[in-house]
Amino acid sequence: MKKYFASILFFSFLYAVPNFYGTSGYFRNMKGLPHGRGHLSFNLYTSYFFENFKNRDPEVWNFDSTKIPVEDRRHWIRGKFGLTYSPFDIWELGARGDFEGRIIEKTDFSGLPRNDIALVAYRGIDIFTKLGTYLFKDEVSQTSVGSGILLGAFIPNQGYQKSRETEFIYEYGFTPFVRRWTQVHANLAADFTLQILTITGNVGFLFLNKVFDKADSLIPYVTFNKNDGTKTVDTLKLKDTNALTWGAGVSLALGDYVDLIFDFTGVYFTEWQENLISLTPGVRFKTPGGVNFDFAVDTRIRDIPDSLGYLASTDYYTRDFVPDWRFIFQISNVVNLMPAPPPPPPAPVITKVKVMGKVTDAKTGEPLGAQISFPGTELPPVAADPETGIFSTQLDPGTYRIHCEKDGYKWKEKVVNLKGKEEVVVDFALNRKALIMVTGKVIDNISETPVGANISIPNTDYKTISDPATGIYKIQLPPGSYVLHVEAEGYVSEDEPIIIKEGVPLVKDFKLKKIAKKGERIRLQNIYFDTGKATIKPESFPILDQVAEFLKANPKAVVEIQGHTDSVGSDSYNMGLSQRRAEAVRTYLITRHGIDALRLIPKGYGESMPIASNVSREGRAMNRRVEFVIIKTE
């Protein structure tokens, strides 16, 4: 028996597919996606189960009547071999052959040789095509949804000879092979994959078709009594019926080389109104070469009547659901006949690229000292030598923007690709900007007298001075944004931003504020009050505003606000009037400009400190004044 079993098992390994419907999937459920354009697959499948039965063999009866009945064993082996090819990513074509092996393992008795017998038969060929595609795919999250449909037709072996099969049916209780006309089947599948987990759902239809020979519609139904081996032969009517298939599969990847697989499938017969349901757990081993080995156990999880099981066993598709259990072995491999072209050889590795060049005046050709920078990177700028105009640096391979600029010139920028190069020369010829006249006046902010000041633009060579007699300055600058720095001895320096537009001269005046010095006196002649009162007239506000700016520029200065009058009126009246007027000035500076009150000390001196004769009108006007005396600077 062992030699028969080994030969049938080996033969069945050579004719197999890894899936009940097609070439890509689990043990019973089909996946919706084909293998992809240019992929050729071969598939080997085998299933096996056995059962014991009591057999009243006459040979044993004649040899030893005490050995009746004898317990023998029936073996079923199914084998399939399939090939598929995908001419496009979404389309797969395939065919597979179906074979079946039967073995009777007879119990041996001492002195009685009982030989095992076997039968191998070709059952037919299944031709099918599958269309499928991704509905959604995200490489980052490793999530995808796919769907597909399989259409096929099984062409039975119409020339099958039943001469030997009669012995297996009537003597040992095997089911017959019923020849039908071509049977068609369809199946829909949907896949959901999330990283290592894949869930597949299937639903389909089987059109079982008519039998080839009307005599085959009456099939012998042979059973053996479990206790005494008594054989009963009956005849069953094979009904014409169709079937709906359904199922779900789950695959869990345990690393790169092992998958756990669970299949749950069923068939519903519309005429018999019965369900056959199977659960198939198994494991798939994957090799680096692409060959897969599958091991599974197929178990029927719903009892069915013996007669229905016998009828279902006669059909090519449904016989897999009848046994209580089956062992399944599969092997498959997929080869890409249209592999992607090999990538081009990598470019030689260049660690650094030398970038050098020269900066010159576009009109004269004279070398310029300019700054070279690389926008979009964190690379530090480099400087071109003022005497030669030459610059040089080392950069990593890549694409760069190289920016060149110099004061008084229009900047230029070039884009260079350094990949695959060892040295790149980048020259710049800069055009000088047209100079624009900037002029104005520098004066004392209180006395408005001209101030001789130095005027410059920091970090450039541009500078000039204002005329001490007139306060006027002139300087020519290229268009652009600058900061004018104005400084004069005894005055607070000022910085003023300016924007010079091409072709538009600019006038910019400066009112400098003195640096406060202890004991210094600031005399204001043009502060006017209402006659005999301490009410400041509006025309005096501008000069007081300038005094406030002076105080803000010297935040630590403390001043005495002195009020003075002419000699008209009594001494006591003039003393009170001058005090009130000094206090009015203090109040204005506090309320209008927020000057700290502690920095302002009002003091009236009346007519006690004249600076001119009170005899003339002009002298009296000079004596009516307000003076600020710096009494503290720290």
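This is a predicted model, so every value here is computed, not measured. (Residues numbered from 1 in each chain as written. Predicted model: local features only at pLDDT ≥ 70, side-chain atom pairs only at ≥ 80, totals over all residues. Heavy atoms only, no water.)

Caption draft 1: Region of interest: the sheet that holds strand S2 (residues 70–88). The 12 strands lie next to each other as S1-S2-S3-S4-S5-S6-S7-S10-S11-S12-S13-S14, forming a closed barrel whose pairing is antiparallel. For this sheet the average axis-to-axis angle between neighbouring strands, irrespective of direction, equals 20 degrees. Both strand S1 (residues 39–55) and S2 contribute to a ladder of 16 bridges, which runs antiparallel. The partner of Asn 55 across the bridge, within S2, is Val 70. Contacting S1, S2, strand S3 (91–105) and strand S4 (117–138), helix H3 (residues 163–172) crosses the sheet at an angle of about 95 degrees to S4. (Pairing = 2+ DSSP bridges. Helix = DSSP H or I, 4+ residues; strand = E, 2+ residues; numbered from the N terminus. Axes fitted to C-alpha atoms, helices over the stretch in contact; angles between N-to-C directions. Contact = heavy atoms within 4.5 Å.)

Caption draft 2: Seen up close, the side chain of Thr 46. Here Thr 46 is to be found in strand S1. In terms of polar contacts, Thr 46 uses its side chain to reach the backbone carbonyl oxygen of Arg 78, at 3.2 Å. (Polar contact = N/O pair within 3.5 Å; in protein donor to acceptor, adjacent residues only side chain to side chain.)

Caption draft 3: View of the sheet that holds strand S33 (residues 600–604). Strand order across the open sheet formed by 4 strands is S31-S34-S32-S33, with mixed pairing between neighbours. Edge positions in the sheet fall to strand S31 (521–524) and S33, since each has one partner strand and no second. Each neighbouring strand pair of the sheet contributes to a mean axis angle of 20 degrees, computed without reference to strand direction. Those strands touched by helix H5 (residues 541–553) are S31, strand S32 (558–564), S33 and strand S34 (625–632), and its axis lies near 165 degrees from that of S31. Sitting on the sheet, helix H6 (residues 571–593) touches S32, S33 and S34, and the angle it makes with S33 is about 160 degrees.

Caption draft 4: Representation of the environment of Gly 152 in the model. Structurally, Gly 152 is set in strand S5 (residues 143–156). For Gly 152, a relative accessible area of 11% gives the class buried. For the pair Gly 152 and Thr 235, spaced 83 residues apart in sequence, the C-alpha to C-alpha distance is 32 Å. Excluding residues that lie within four positions of it along the chain, Gly 152 makes contacts with Asp 126, Ile 127, Phe 128, Gln 183, Val 184 and His 185. (Buried < 20%, exposed > 50% of the residue type's maximum accessible area, 1.4 Å probe, protein only.)

Caption draft 5: Expanded view of unusual backbone geometry. Positive phi values are uncommon outside glycine, yet Gln 142 reaches one of about 55 degrees. A positive phi angle is found at Glu 448, which is not glycine, with a value near 60 degrees.

Caption draft 6: Looking closely at a nonpolar patch on the surface. A contiguous nonpolar surface patch, about 610 Å² in accessible area, is contributed by Phe 88, Ile 90, Leu 131, Ile 149, Leu 151, Leu 188 and Val 203. By the secondary structure assignment, Leu 131 is in strand S4. Overall, Leu 131 belongs to the partly exposed group, its relative accessible area being 44%. (Patch = residues over 30% accessible without salt bridge, like charges linked within 9 Å, V, L, I, M, F, W, Y side chains within 5 Å. Areas by Shrake-Rupley, 256 points an atom, 1.4 Å probe, with all protein chains shown as cover. Salt bridge = Lys/Arg side-chain N within 4 Å of Asp/Glu carboxyl O.)

Caption draft 7: Here's a closer look at the pattern of salt bridges. Following the criterion strictly, the structure yields 28 salt bridges and no others. Arg 432 serves as the salt-bridge partner of Asp 361, at 3.9 Å between the closest nitrogen and oxygen. Separated by 71 residues along the polypeptide, Asp 361 in strand S15 (residues 353–361) and Arg 432 in the loop between strand S22 (428–430) and strand S23 (436–444) bring together distant segments of the chain. Look at Asp 361 and you get buried, because its relative accessible area is 6%. For Arg 432, a relative accessible area of 54% gives the class exposed. For the salt bridge of Glu 494 with Lys 513, the shortest nitrogen-to-oxygen distance reads 2.9 Å. In this pair, Glu 494 is assigned in strand S28 (residues 494–500) and Lys 513 in the loop between strand S30 (510–512) and S31, connecting sequence segments 19 residues apart. The exposure class assigned to Glu 494 is buried, which follows from its relative accessible area of 17%. By sharing partners, the salt bridges in this structure join Glu 100, Arg 102, Arg 123 and Glu 165 into a single network.

Caption draft 8: Representation of the pairing of strand S13 (residues 292–300). Of the two faces of S13, the one holding Asn 292, Asp 294, Ala 296, Asp 298 and Arg 300 is buried and the one holding Phe 293, Phe 295, Val 297 and Thr 299 is not buried anywhere. Pairing of strand S12 (residues 274–286) with S13 involves 7 bridges; the strand directions are antiparallel. From the neighbouring strand, Leu 279 faces S13, where its bridge partner is Thr 299. Where S12 folds back onto S13 in an antiparallel hairpin, the turn is made up of 5 residues, including Gly 290, whose phi is positive at roughly 100 degrees.

Caption draft 9: Geometry of the packing of H5 against H6. At their nearest, the axes of H5 and H6 sit 10 Å apart, and the two run at 70 degrees to each other. One finds that H5 runs roughly perpendicular with respect to H6. You can see that H5 and H6 cross each other, and the crossing is right-handed. Facing Phe 541, Leu 544, Asp 545, Val 547, Ala 548, Leu 551 and Lys 552 of H5, the residues of H6 in contact are Val 585, Tyr 588, Leu 589, Arg 592 and His 593. Grouping the constituent residues of the contact of H5 with H6 by class yields 8 nonpolar, 1 polar and 3 charged. (Parallel < 35°, antiparallel > 145°, perpendicular 65-115°, else oblique. Left-handed = near helix turned anticlockwise from the far one by under 90°. Nonpolar A, V, L, I, M, F, W, Y, C, P; charged D, E, K, R; others polar.)

Caption draft 10: Quick peek at the side chain of Asp 263. Take Asp 263: it is sitting in strand S11 (residues 258–269). At 2.7 Å, the side chain of Asp 263 and the backbone nitrogen of Arg 28 are in polar contact. In this view, Asp 263 contacts Tyr 26, Phe 27, Arg 28, Asn 29, Ala 248, Gly 249, Ser 278, Leu 279 and Thr 280; residues no more than four positions away in its chain are not counted.

Caption draft 11: Broad picture of the packing of aromatic side chains. Applying the stated criterion across every chain, the model contains 15 aromatic pairs. Consider the rings of Phe 50 and Trp 325, whose centres lie 5.4 Å apart with planes at 80 degrees: the pair is edge-to-face. Of the two residues, Phe 50 is situated in strand S1 and Trp 325 in strand S14 (residues 325–336); the sequence distance between them amounts to 275 residues. Ring plane angle 10 degrees and centroid distance 6.1 Å describe the contact between Phe 88 and Trp 91, whose orientation is recorded as stacked. Residue classification places Phe 88 among the partly exposed residues on the basis of a relative accessible area of 48%. Overall, Trp 91 belongs to the partly exposed group, its relative accessible area being 30%. Each member of the aromatic cluster is reached from another via a ring pair, and the members are Phe 49, Trp 76, Phe 168, Tyr 172 and Phe 174. Sitting above the plane of the Tyr 605 ring, Lys 603 keeps its charged end 5.9 Å from the centroid. (Phe/Tyr/Trp six-rings, centres within 6.5 Å; stacked < 30°, edge-to-face > 60°. Lys NZ or Arg CZ within 6 Å of the ring centre and 35° of its normal.)

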